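Structural characterization, general
The residues making up each chain are set out below.
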Amino acid sequence: MKKTDRSQWSLNTKLNHPKRIMPREDNPSTVAPIYQSVKFSVSPDVNYHDQFIYTRISNPTLQQLEILLAEIQKREECIVFGSGIAAITNALLGVLEAGDHMISFRELYKPARVFIKETLPRFGISSTLLKLSEIDRLEQAIIPGKTKLIHFESPSNPNLEIADVQKIIDVARKHKVLVSMDGTFGGLHQHTQFDIDIVIQSLTKYANGHGDVLAGSVSGKASALKRIKHMSIALGATLDPHAAYLIERGLKTYKLRYERQTQNAQIIAKFLATHPKVKRVYYPGLIEHRGHDLAKKQMSDMGAMLAFEIEPSVGTADEFCHRLNLIQFAVSLGSTETLIASTHFFFGDDLSSEDKKEMGINLHSLRLSVGIEEPEDVILDLKSVLE
Ligand SMILES: *Cc1c(COP(=O)(O)O)cnc(C)c1O
């Protein structure tokens, strides 16, 4: 292509080898280009390991997002994936092998819990699921020589339980066990002060913020990420460069959105907490929340997720959702628009009835992801159905 004369090429050849414009280094575009390319021309002058070769392995647009995500989460490295659940499954499969044991908690995003309970055993990886409130039993659950990882979520889905992050890290360090945390509910900027080996985020949520892209990331220590990177190339849950671009674009307003969402959540939580038709509210920003003190100690702000339970006289949670007008009945979270979902079917149907009862998941419980609308409009919508 470089050596023959372009002017002599036929139409079909020209169409398949368009001329390339590369801006000079001192004249860059202000928005980075999207390298929407699966493959890269390999140079003879550089070690192949130091070149972009194939997008499943690496791509400049993906790498740029990875560098930004590692930077803002104060972690050594980052790998992006095609979804949040891909980040979780690649992390677990990356650091665990047949014969290993891991510890997690029942207060977990349902697909992750199901993967740990049902899929990992097929590959010879066993697990113990504790209750987040029984953190004092964590050390006892460690099987010397076998337990390799403690995986947890904080705040937890759907009812915002708060994990004692430092306690988990202390136990893990004492027994030389890795720690992985799914921090999706709190967002990217929180828990950066903790020495966590593997930090997982569903970028689908607050990072993207507009509910139009699935993506996930694993950030953390280079030693752990090396093994996960190996798995990511093997399993191929690669993020598309265009999706990576949309995540990076969404991140520009991350802090503005998050601040507004958190302010709104506090106002809406207070409204719900004082409403006679609301039985209880789960929001870490409320003094009566069981994890309030811990959340204040380890979180920079209280987030924009909340859960609540309505009085049976109002109807079921599903009926409640269907009667709302402004708030959309939909799963997922972290979008600019407020979303609501009943928790019984969507987040707990793999749990025993005893677990559900203890966790506050029932036919009248709901999860609310607060958006950036005027909180008065959201409250009016909730009020109209409650009354
Ligand atoms: C949504 C979510 C995930 C999964 O992310 P996807 O991008 O939907 O695959 C994982 N963990 C938590 C806490 C989540 O809320």
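None of these values were measured; they are calculated from a predicted model.

**Some points on the site of the ligand**
Taken together, 15 residues are adjacent to the ligand, and Gly84, Ile85, Asp182, Thr204 and Lys205 come closest. With respect to the ligand, the side chain of Asp182 contributes an N or O atom lying 2.6 Å from a nitrogen atom. Within the contact set of the ligand, an oxygen atom lies 2.9 Å away from a side-chain nitrogen or oxygen of Lys205. Burial of the ligand by the protein chains amounts to 93% of its free accessible area of 380 Å². Per-element accounting of the shell around the ligand gives the leading share, three residues, to helix α3 (residues 84-95). Looking at side-chain class alone, the shell around the ligand contains seven nonpolar, five polar and three charged residues.

**Examining the layout of surface pockets**
By volume, the largest pocket is sized at about 1000 Å³. As for the largest pocket, its lining consists of 28 residues, of which Arg20, Met22, Tyr35, Phe40 and Ser41 are closest to the centre. Per-class residue counts for the lining of the largest pocket are 15 nonpolar, seven polar and six charged. Every residue lining the second largest pocket is counted, 21 residues in all, and those nearest its centre are His49, Ile57, Ser58, Gln63 and Lys229. Those elements giving two or more residues to the lining of the second largest pocket turn out to be α2 (60-72), β1 (77-81) and α7 (222-235). Of the residues in the lining of the second largest pocket, the class split is 11 nonpolar, four polar and six charged.

**Observations regarding helix α9 (residues 254-273)**
Turn by turn, an α-helix covers 3.6 residues, leaving residues three or four places apart pointing in a common direction. Spanning 20 residues, α9 covers 28 Å between terminal C-alpha atoms, matching the ideal 28 Å at 1.5 Å per step. Taken together, the buried positions of α9 are occupied by Tyr254, Arg257, Tyr258, Gln261, Thr262, Asn264, Ala265, Ile268, Ala269, Phe271 and Leu272. Tucked into the core, α9 has its buried residues touching α8 (241-251), β8 (278-282), β9 (305-310), β12 (365-369) and α14 (375-386).

**Some words on the sheet that holds strand β4 (residues 147-153)**
Taken in spatial order, the seven strands make up an open sheet running β1-β7-β6-β5-β4-β2-β3, and their pairing is mixed. Each edge of the open sheet carries a strand with a single partner, namely β1 and β3 (126-130). Taking the axes of each pair of neighbouring strands and ignoring which way they run, one obtains an average angle of 20° across the sheet. Contacts from α2 reach β1 and β7 (216-220), with the element oriented near 130° to β1.

**Focus: the sheet that holds strand β10 (residues 328-329)**
Hydrogen bonds between backbone atoms are what pair the strands of a sheet, whose relative direction is either parallel or antiparallel. Ordered in space as β8-β9-β12-β11-β10, the five strands form an open sheet in which the pairing is mixed. The open sheet has two edge strands, β8 and β10, and neither has a second partner. By the bridge criterion, five bridges tie β9 to β12 in an arrangement that is antiparallel. In the strand pairing of β12, Ala307 is matched with Arg367.

**Observations concerning the pairing of β12**
The buried fraction of β12 is high, at five of five residues. The two faces of β12 match: Ser365, Arg367 and Ser369 on one face and Leu366 and Leu368 on the other face are all buried. Note that strand β11 (residues 339-342) and β12 share four bridges and pair antiparallel. The residue of β12 that forms the bridge with Leu339 is Ser369.

**Some words on α2**
In this model, α2 (13 residues) spans 18 Å end to end at C-alpha, consistent with the 18 Å of a helix rising 1.5 Å per residue. Within the span of α2, buried status applies to Pro60, Thr61, Leu62, Leu65, Glu66, Leu69 and Ala70. On its buried side, α2 packs onto β1, β7 and α8. N-cap assignment for α2: the residue whose side-chain oxygen lies 2.7 Å from the backbone N of Thr61 is Asn59. Positive phi shows up at Lys74, right after α2, with a value of about 55°.

**Observations regarding the pattern of salt bridges**
Across all of its chains, the model carries 23 salt bridges by this definition. Residues Glu107 and Arg106 are paired through a salt bridge, measuring 3.0 Å at the closest nitrogen-oxygen approach. Here Glu107 matches Arg106 in class, with each residue buried. The residue Glu358 makes a salt bridge to Arg106 at a minimum N-O spacing of 2.8 Å. With Glu358 in helix α13 (residues 353-359) and Arg106 in the loop between β2 (101-105) and α4 (110-119), the pair connects residues that are 252 residues apart, well separated along the chain. Since its relative accessible area comes to 34%, Glu358 is described here as partly exposed.

What counts and what doesn't
- Residues numbered from 1 in each chain as written.
- Predicted model: local features only at pLDDT ≥ 70, side-chain atom pairs only at ≥ 80, totals over all residues.
- Heavy atoms only, no water.
- Near = heavy atom within 4 Å.
- Polar contact = N/O pair within 3.5 Å; in protein donor to acceptor, adjacent residues only side chain to side chain.
- Areas by Shrake-Rupley, 256 points an atom, 1.4 Å probe, with all protein chains shown as cover.
- Helix = DSSP H or I, 4+ residues; strand = E, 2+ residues; numbered from the N terminus.
- Nonpolar A, V, L, I, M, F, W, Y, C, P; charged D, E, K, R; others polar.
- 1 Å grid on protein atoms, 1.4 Å probe; cavity = no way out; pocket = protein on both sides within 12 Å on 5 of 7 lines; lining within 4 Å.
- Points joined across faces, edges and corners; volume = space filled by probe spheres on them.
- Expected span 1.5 Å × (residues − 1).
- Buried < 20%, exposed > 50% of the residue type's maximum accessible area, 1.4 Å probe, protein only.
- Contact = heavy atoms within 4.5 Å.
- Pairing = 2+ DSSP bridges.
- Axes fitted to C-alpha atoms, helices over the stretch in contact; angles between N-to-C directions.
- Salt bridge = Lys/Arg side-chain N within 4 Å of Asp/Glu carboxyl O.

By themselves these figures say nothing about function.
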